[in-house]
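Remarks on the overall topology
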Amino acid sequence: MFVDDKILERLKKIATPTLANALDDFGFQGVMNDLSPAGPGMTVVGRAVTVQEITGPFGSFSTRDFKVGHMIDAAGSGEVIVVANDGAQVSTWGGMASYAAKLKGIGGLVVDGGIRDREEIVEFSFPAFSKHMVPTPGKTRIKVLSINEPIVCAGVRVRKGDVIVADGTGVLCLPAEHAEEITIVSEKFSADDKQAMNEMDKGLTFTEALKKFSKI
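Now for a quick tour of the structure. (Residues numbered from 1 in each chain as written. Predicted model: local features only at pLDDT ≥ 70, side-chain atom pairs only at ≥ 80, totals over all residues. Heavy atoms only, no water.)

1. Re the pairing of strand β11 (residues 171–174)
Neither face of β11 is exposed, since Val171 and Cys173 on one face and Leu172 and Leu174 on the opposite face are all buried. Here strand β1 (residues 31–32) pairs with β11 via two bridges, running antiparallel. Within β11, the residue paired with Met32 across the bridge is Val171. As defined by bridge partners, strand β10 (residues 163–166) adjoins β11 across four bridges and the pair is classed as antiparallel. By the bridge assignment, Val163 is partnered in β11 with Leu174. Between β10 and β11, which follow one another and run antiparallel, lie four residues. (Buried < 20%, exposed > 50% of the residue type's maximum accessible area, 1.4 Å probe, protein only. Helix = DSSP H or I, 4+ residues; strand = E, 2+ residues; numbered from the N terminus. Pairing = 2+ DSSP bridges.)

This is how it looks when you write it as structure tokens:
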């Protein structure tokens, strides 16, 4: 299912914790654990391009197996490259790849594994989220097994076209076929939060707000 750009624009106004509340209500496990942004203020909302990798000791694979260029070639404007590498402490991405992805208009990167060149990623303002920041090269250690096949990234199933939302709090995935309804519920939660804070400004206690607005 294709998620309309209008839904993506609405999602850009919603924080990941609010979306996580909605995911719980729908019974979806969409929160990816232990992923952090390369720098402060990084956010991204976009359709997923999925990559499955495996990692071994230095010399395990050919340099041709690394295929970072293939990953960039597979992603379009605004899309988010999502890499499943089982949390390996080896870099699958760095500064030059970030520069190339930024030039192409790719929205961002999520890696259940390692990336490197933090300073360059920040300099290029490319939203990148990963489990590790390590200098260890991926060449001959990493092999790309598939692109745009279903993966499990940081415990969450991700398919091509599912929606990735990431900010300073974390990273999550919305199933494409439910993205609109999750957005609608999350917008209501956001409105309730704002109303609760307005009422606390007028004297409502936090305990009273919790009772009145159950999703805070």
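2. Some remarks on the packing of aromatic side chains
Tallying each qualifying case throughout the model produces three aromatic pairs. Aromatic pair Trp93 and Phe126: ring centres 5.9 Å apart, planes at 15°, arrangement stacked. You can see Trp93 sitting in the loop between β4 (80–84) and α4 (95–104) and its partner Phe126 sitting in the loop between α5 (118–123) and β6 (128–133), a full 33 residues away along the chain. For Trp93, a relative accessible area of 2% puts it in the buried group. For Phe126, a relative accessible area of 0% translates into the label buried. (Phe/Tyr/Trp six-rings, centres within 6.5 Å; stacked < 30°, edge-to-face > 60°.)

3. Here's the deal with the environment of Pro57
Mapped onto the elements, Pro57 comes out in the loop between β3 (44–55) and α3 (68–74). Taking relative accessible area as the criterion, Pro57 reaches 61% and is therefore assigned exposed. The sequence separation of Pro57 and Asp162 amounts to 105 residues, and the corresponding C-alpha distance is 32 Å.

4. Some words on helix α6 (residues 179–201)
Between its terminal C-alpha atoms α6 stretches 33 Å, which fits the 33 Å expected from 23 residues at 1.5 Å a residue. Packing partners of the buried residues in α6 comprise α1 (5–11), α2 (16–26), β10, β11 and α7 (206–212). Immediately beyond the C-terminal end of α6, within one or two residues, lies Gly203, with a positive phi of roughly 120°. (Expected span 1.5 Å × (residues − 1). Contact = heavy atoms within 4.5 Å.)

5. Some thoughts on α4
Each full turn of the α-helix corresponds to 3.6 residues, which orients residues three or four apart in the same direction. Those residues of α4 lying buried are Gly95, Ala97, Ser98 and Ala101. Down the axis of α4, the sector holding all buried residues measures 155°, keeping them to one side. α4 presents Met96 and Leu103 as exposed residues on the side facing more than 90 degrees away from its buried surface. Looking at the packing, one finds that the buried side of α4 touches α3 and α5. A positive backbone phi angle near 90° is found at Gly105, which sits one or two residues after α4. (Arc of directions from axis to C-beta.)

Purely geometric stuff here, so don't read any function into it on its own.
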